[in-house]
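The chain contents come next:
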Amino acid sequence: MTQRSNFLTKALQAIAVVLIAAVFVGLGIWQLQRAANLKESLKVATIIDANVVPLQSIISPRESIPATALNKTVSVSGHYISNFRAPNQIDGNGKQSDWEVALLQVGTNSGILVVRGLWSERLLNPDIQQSMVIDIQGLLVASQYADRAENTAGVISRLDSAVVTSLTDLDLYDGYVLASAESIRTGALDRTRVTPEKLSSRIPGFYWQHLSYVVIWWLMAGVVLYLPFYRRRVTP
């Protein structure tokens with residue numbers, strides 16, 4: 001009876017060890033897939049797609065921009081309801097300047113930030129009114145995560161819909177549109193357009209962190225499998 005009990009105990013212990021090791025191996029595989037997904041999303045995010053698609057066909061308000069929608073050329077129409085100055089922005093040529101950013105109301109209850117151009121040229125189209133429908137074409141860009149100024153009246157600290165949520169009841173789109181063309185019923189609105197910062201294909205630290213976690217999970221699986229044998233060696 002004692003031998004049978006010992007055998008059953010050892011069998012249960014062996015099963016538990018294998019299950020724990022399997023969990024660690026599974027976590028390593030999951031982390032490896034996360035690393036692969038991140039690397040693939042970075043490839044997508046560094047390619048500008050010049051084919052024009054409607055904004056509403058690729059993203060929805062109050063949702064994060066999927067990697068497949070980043071840096072696509074989009075078209076959208078609406079009414080400008082607010083204007084902001086975005087200080088210390090850097091364009092594709094490395095030039096720093098203040099930009100004019102407008103909140104575009106899309107439909108009846110949604111909105112998105114649009115970079116119209118240089119703040120110094122904000123008075124070039126004095127005939128624009130909130131009642132006018134503006135047709136916009138531009139690049140859909142991910143929100144900035146670092147502040148470049150302080151939020152004050154009429155000034156936004158970064159190009160991110162999160163900094164204007166308290167100023168409107170609209171459901172906001174993530175990211176912003178870097179306008180390359182604007183037009184109204186009577187024709188195009190001409191002004192200097194800004195270019196996006198150069199896109200980086202450098203793999204960030206998060207990718208290497210994922211890979212380090214893969215190694216850690218699999219090392220833990222190896223330790224779990226080795227411990228029973230180690231205990232047998234050290235037990236007299």
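Residues numbered from 1 in each chain as written. Predicted model: local features only at pLDDT ≥ 70, side-chain atom pairs only at ≥ 80, totals over all residues. Heavy atoms only, no water.

Asks: Report on the overall build of the chain, specifying residues and quantitative values.
Replies: Looking only at helices and strands, the chain has two helices and seven strands in total. In sequence order, the secondary structure elements of the chain are arranged as α-β-β-β-β-β-β-β-α. Among the 236 residues that make up the chain, the fraction classed as buried is 35%. A separation of at least 24 residues holds for 67% of the contacts in the chain among residues at least 6 apart in sequence. Working note: accessible area of the chain is about 14400 Å², and carbon and sulfur atoms make up 58% of it. (Helix = DSSP H or I, 4+ residues; strand = E, 2+ residues; numbered from the N terminus. Buried < 20%, exposed > 50% of the residue type's maximum accessible area, 1.4 Å probe, protein only. Contact = heavy atoms within 4.5 Å. Areas by Shrake-Rupley, 256 points an atom, 1.4 Å probe, with all protein chains shown as cover.)

Asks: Go over the pattern of salt bridges with me, naming the residues and quoting the values.
Replies: Per the stated rule, a full pass over the model turns up eight salt bridges. One salt bridge in this structure joins D171 and R62, with 3.7 Å as the shortest N-O distance. Taken together, the residues span a long stretch of sequence, with D171 in strand 6 (residues 171–184) and R62 in the loop between strand 1 (49–54) and strand 2 (72–90) at a distance of 109 residues. Given a relative accessible area of 68%, R62 falls into the exposed group. In this structure, R116 and E100 form a salt bridge, with 3.3 Å as the shortest nitrogen-oxygen distance. Taken together, the residues span a long stretch of sequence, with R116 in strand 4 (residues 110–118) and E100 in strand 3 (residues 96–106) at a distance of 16 residues. The same class applies to R116 as to E100, namely buried. Linked by salt bridges that have partners in common, E100, R116, E182, R191 and R193 make up one network. (Salt bridge = Lys/Arg side-chain N within 4 Å of Asp/Glu carboxyl O.)

Asks: I'd like a rundown of the nonpolar core, residues and numbers included.
Replies: Here is a general trend for soluble globular proteins: nonpolar side chains tend to be buried in one another's company. Counting residues in hydrophobic clusters, the biggest one holds 22 residues, and the most contacted among them are L55, L104, I112, V114, I136 and L140. Of all the secondary structure elements, the ones that give two or more residues to this core are strand 2, strand 3, strand 4, strand 5 (134–141) and strand 6. With four residues, strand 6 is the largest single contributor of residues to this core. Ignoring any residue separated from it by four or fewer positions in sequence, one finds I112 in contact with L55, A102, L103, L104, V106, L140, Y173, D174, G175, Y176 and V177. Among the nonpolar cores identified, the runner-up in size contains 19 residues, and W99, V101, L118 and L139 belong to it. (Core = buried A, V, L, I, M, F, W, Y, C linked by side-chain atoms within 4.5 Å.)

Asks: Got a sec to walk through the packing of aromatic side chains? Specific residues and values, please.
Replies: For the structure shown, the criterion picks out one aromatic pair. With a centroid separation of 5.9 Å and 20 degrees between ring planes, the pair formed by F24 and W217 is classed as stacked. Here F24 is found in helix 1 (residues 2–45), whereas its partner W217 is found in helix 2 (residues 205–234), with 193 residues between them in sequence. Since its relative accessible area comes to 15%, F24 is described here as buried. A residue is classified by how much of its surface remains accessible, and W217, at 23% relative accessible area, is partly exposed. (Phe/Tyr/Trp six-rings, centres within 6.5 Å; stacked < 30°, edge-to-face > 60°.)

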